[in-house]
Amino acid sequence: MQYAHITGWGKCVPPATLTNDDLATFMETSDEWIKTRTGISERRISHVNTSELATVAAQNALSAAGIDGSEIDLIILATASPDTLIPNIASTVQANIGATCGAFDINAACSGFLYGLGLGSSMIKSGQNKKVLVIGAERLSFYLDWSRRETAVLFGDGAGAVVLEVSDQPGGVLGYELNNDPAARDILASGFGTKMDRFDSSSLDFFIHLNGQEVFKRAIHGMGGLSTKVLEKCNINKEDVDFVIPHQANERIIDTLIGRMKIPKEKAFVNIAKYGNTSAATIPIAICDALEQGKLKAGQTVLSCAFGAGLTSAAALVKWGERTTPINPPTAELPPCEVTALELIKPAVDFFMNKSK
């Protein structure tokens, strides 16, 4: 029997940091208001396209695995904010790392990385592939209307990636569950797409809209339900879960989810304060941070879950391997950013503030 183990991991977070106090300079909010409602203190704003974020994360994951890009035989890139729709940006990453293989984007919003992890592990277990690169990358700041506090304070940019490799040793991705709640597809949405009238500028509203209360309720239901389902599928009791890496959308959602599942809060990893909601990138970035901080340990049983627009949800159970340090340290990085985060978003802020008057 073949197993799919995570052997490499890497992240890319842009250097420009936008704090809650920065947001308070142009909208009616405060650090206390944002932190008490979301747990977010700051987020990163990218000065480059999503594919560049994804490439750096991928290169660092390859270094951690100690392999070359040419060894990868499948690339799955989860994103809701690609540079281009045609072609996909997985092909951009593929060119940048020197891979010759299948490569495609998937859009399951914030659940996208776990969708990709599940699909990649299945491809390995079926014998179709041996080394799969799974990436979550987002530049959600592009989609923000900075006059709308309910969304502007939530999101940030970043990317994370893992390498899955075939092994005859039990462990790795033990199981996964995917679902979608189409009745709720409009409570978290962006109108970008061919339904817009490209000849009527008034229809070009592709910014993120959300119904916060409904998202909160359905997120708990979706993540909790699939987490229970994947544990049952793998015949593992929740008491045997050593570590939980949930989607980083809102700290209150994480607290409620963990509480309802009766999992001790100290088992849950939370890093939303530093990055905000980076959608498909939150879980792979969290994996990297948890390893760097020594909180994700060898041999642990790890539960991860997510929800996103669609309304997608996903859960995966992973038995971590023996290695928690990279074979080669991460060296890939973005080009320098010569301006502040506030300066990066100023043109968009000016546009939306004037538009809302």
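All values derive from a computational prediction rather than experimental measurement.

A. Summary view of the packing of helix α3 (residues 50-65) against helix α4 (residues 90-97). Where α3 meets α4, the axes come as close as 9 Å, and the angle between the chain directions of the two elements is 45 degrees. As far as their axial angle goes, α4 and α3 are oblique. In the crossing of α3 with α4, the sense of the turn from one axis to the other is right-handed. Across the interface between the two elements, Ser-51, Ala-54, Thr-55, Ala-58, Gln-59 and Leu-62 of α3 pack against Thr-92, Val-93, Asn-96 and Ile-97 of α4. Across the contact of α3 with α4, the residue classes tally to five nonpolar, five polar and no charged.

B. Expanded view of the environment of Thr-228. Looking at where Thr-228 falls in the secondary structure, it is placed in helix α7 (residues 212-233). Take Thr-228: its relative accessible area is 35%, and that puts it in the partly exposed class. Here the alpha-carbon distance between Thr-228 and Met-261, two residues 33 residues apart in the chain, equals 8.4 Å.

C. The arrangement of the sheet that holds strand β1 (residues 3-12) in detail. Sheet architecture is open: five strands sit in the order β1-β7-β6-β4-β5, paired in mixed fashion. Only two strands of the sheet have a single neighbouring strand rather than two, namely β1 and β5 (102-106). Between one strand and the next, the sheet's axes are offset by a mean angle of 15 degrees, whatever the strand orientation. Relative to strand β6 (residues 131-139), strand β4 (residues 74-78) runs parallel, the two being bridged by five bridges. Counted as the bridge partner of Ile-76 is Val-134 from β6. Sheet strands in contact with α3 are β1, β4, β6 and β7 (157-167), and its direction is about 125 degrees off that of β1. Its contacts with the sheet put helix α5 (residues 112-125) on β1, β4, β5, β6 and β7, and the angle it makes with β7 is roughly 15 degrees.

Thresholds applied
Residues numbered from 1 in each chain as written. Predicted model: local features only at pLDDT ≥ 70, side-chain atom pairs only at ≥ 80, totals over all residues. Heavy atoms only, no water. Axes fitted to C-alpha atoms, helices over the stretch in contact; angles between N-to-C directions. Helix = DSSP H or I, 4+ residues; strand = E, 2+ residues; numbered from the N terminus. Parallel < 35°, antiparallel > 145°, perpendicular 65-115°, else oblique. Left-handed = near helix turned anticlockwise from the far one by under 90°. Contact = heavy atoms within 4.5 Å. Nonpolar A, V, L, I, M, F, W, Y, C, P; charged D, E, K, R; others polar. Buried < 20%, exposed > 50% of the residue type's maximum accessible area, 1.4 Å probe, protein only. Pairing = 2+ DSSP bridges.

Nothing here speaks to function; it is geometry throughout.
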